[in-house]
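These are the residues of each chain, in order.
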Amino acid sequence: MLVCRQASKSYATERGVVSAVTAIDLDVPAGRFAAIIGRSGSGKSTLMAMIGGLSRPSGGTVEVDGTDVWRLSENARAAFRNEKIGYVFQFASLLPTLRLIDNVALPAMLGRRRPVPEIHTRAAGLLERLGLGAYFDAYPSEISAGEQRRVAIARALINDPALLLADEPTSDLDEQTEIEIMDELLAVNREVGTTLVLVTHNLALADQAEQIVHIANGAIVA
Ligand SMILES: Nc1ncnc2c1ncn2[C@@H]1O[C@H](COP(=O)(O)OP(=O)(O)OP(=O)(O)O)[C@@H](O)[C@H]1O
Ligand SMILES: [Mg+2]
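Residues numbered from 1 in each chain as written. Chains lettered and ligands numbered in written order. Predicted model: local features only at pLDDT ≥ 70, side-chain atom pairs only at ≥ 80, totals over all residues. Heavy atoms only, no water.

### Considerations on the nonpolar core
In globular proteins that are soluble, nonpolar side chains generally tend to be buried together. The condition is simple: For the purposes of this section, nonpolar cores are sets of buried Ala, Val, Leu, Ile, Met, Phe, Trp, Tyr and Cys residues that join through side-chain atoms within 4.5 Å. Burial classes: relative accessible area under 20% of the type maximum marks a residue as buried, over 50% as exposed, and values in between as partly exposed (1.4 Å probe, protein chains only). Each helix is a run of H or I in the DSSP string that is no shorter than four residues. Each strand is a run of E no shorter than two, and both are numbered from the N terminus. In what follows, a contact means two residues having at least one pair of non-hydrogen atoms within 4.5 Å.
With 40 residues, the main nonpolar core has Val-104, Leu-127, Val-151, Ile-153, Leu-164 and Leu-185 as its most contacted residues. For this core, the secondary-structure elements that each account for two or more residues are β3 (33–37), α3 (100–111), α4 (116–129), α5 (145–157), β7 (163–167), α6 (175–192), β8 (195–199) and α7 (203–206). Considering every element that reaches this core, the biggest residue donor is α5, with six residues. Val-151 has contacts with Leu-94, Leu-100, Asn-103, Val-104, Leu-127, Leu-132 and Ile-143, leaving out every residue within four places of it along the chain. Counting residues in each nonpolar core, the second largest holds 28 residues, with Leu-2, Ala-7, Ile-85 and Ile-215 among its members.

### Quick notes on the layout of surface pockets
Here is the rule we go by: Definitions used throughout: a 1 Å grid over protein atoms alone; a cavity as a set of points that fits a 1.4 Å probe which cannot get out; a pocket as an open set with protein on both sides within 12 Å along at least five of seven lines; a lining residue as one with an atom within 4 Å of a point. Grid points are joined across faces, edges and corners, and a volume is the space filled by probe spheres set on the points.
When its volume is computed, the largest pocket comes out at roughly 480 Å³. The wall of the largest pocket is formed by 21 residues, among which Arg-81, Asn-82, Ile-85, Tyr-87 and Pro-107 lie closest to the centre. Within the residue set of the lining of the largest pocket, elements represented by two or more residues are α2 (74–84), β6 (85–88), α3 and α5.

### Overview of the pairing of strand β9 (residues 211–216)
Short version of the rule: Only strands that DSSP links by at least two bridges are regarded as paired with each other.
Of the two faces of β9, the one lined by Gln-211, Val-213 and Ile-215 is fully buried and the one lined by Ile-212, His-214 and Ala-216 carries no buried residue. Sheet topology note: the β3/β9 ladder contains four bridges and is parallel. If you follow Ile-36 over to β9, its bridge partner there is Val-213. Relative to strand β10 (residues 219–221), β9 runs antiparallel, the two sharing three bridges. Within β10, the residue paired with His-214 across the bridge is Val-221. Counted along the chain from β9 to the antiparallel partner β10, the turn is two residues long, and its residue Asn-217 has a positive phi close to 50°.

### Structural notes on the sheet that holds strand β5 (residues 67–68)
Put simply, the rule reads: Here the axes come from fitting lines to C-alpha atoms, over the contacting stretch only for helices, and the angles between their N-to-C directions go from 0 to 180 degrees.
Taken in spatial order, the four strands of this open sheet run β2-β1-β4-β5, and their pairing is antiparallel. Unpaired on one side and paired on the other, β2 (16–28) and β5 mark the two borders of the sheet. Packed on one face of the sheet, helix α1 (residues 44–51) meets β1 (2–13), β2 and β4 (59–64) and runs near 120° to β1.

### Here's the deal with α3
For α3, every residue scored as buried is listed here: Leu-100, Ile-101, Asn-103, Val-104, Ala-105, Pro-107 and Ala-108. Contacts from the buried residues of α3 go to α2, α4 and α5. Just past α3, the residue Arg-112 takes up positive phi, approximately 50°.

Structure representation (structure tokens):
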């Protein structure tokens, strides 16, 4: 499902070149739950952004579901991302002017592969499933941070992605909410077979993964 070969990323800064990720080789088979752990600044988000088609590697390749993500044109990559990859960021990043139902539906509306009523039914179903059935018409500012995170998960799932990338999806939330949100992500992984790559600082959580990838200074440590 996911294959990184010698994937690297460096940034040119005023202090010189910062090497955020160096030559990462990574294989995650379809359907697996993989956890990425490592200290702050070790390169986890940088790696996720390269996998998710959001940040171009300085070197190496990233293949998702048999497609070399960074060989696609920009438009083709956007379409590919929309269809195949769900991304849950550290902060919910919902659009404040859209109702929750429309936030969730948005990626499907952009992809335009299904009729609008079907998209809305699916968005409503996802919100129900994530315990937000009463809030379809609410705006992001009217719900809590934990609820916003759930909406972001629903949005990531709307196109039924083959690969779900979650970068610390429960940071800053209380323990109980973290457990509930993680249960949802794991249920999607188990029941739908969605490949799940999760960045977490929670080692107990990482222990539940079938594969643990430990990153230090931009490289995988064995
Ligand atoms: N846009 C950028 N420009 C310059 N340096 C950057 C940029 N983004 C990240 N870095 C540097 O790359 C390194 C890796 O950052 P990254 O965000 O990937 O770490 P992380 O493992 O996700 O950390 P955290 O656990 O705090 O989220 C850090 O040293 C960071 O300062
Ligand atoms: Mg990060």
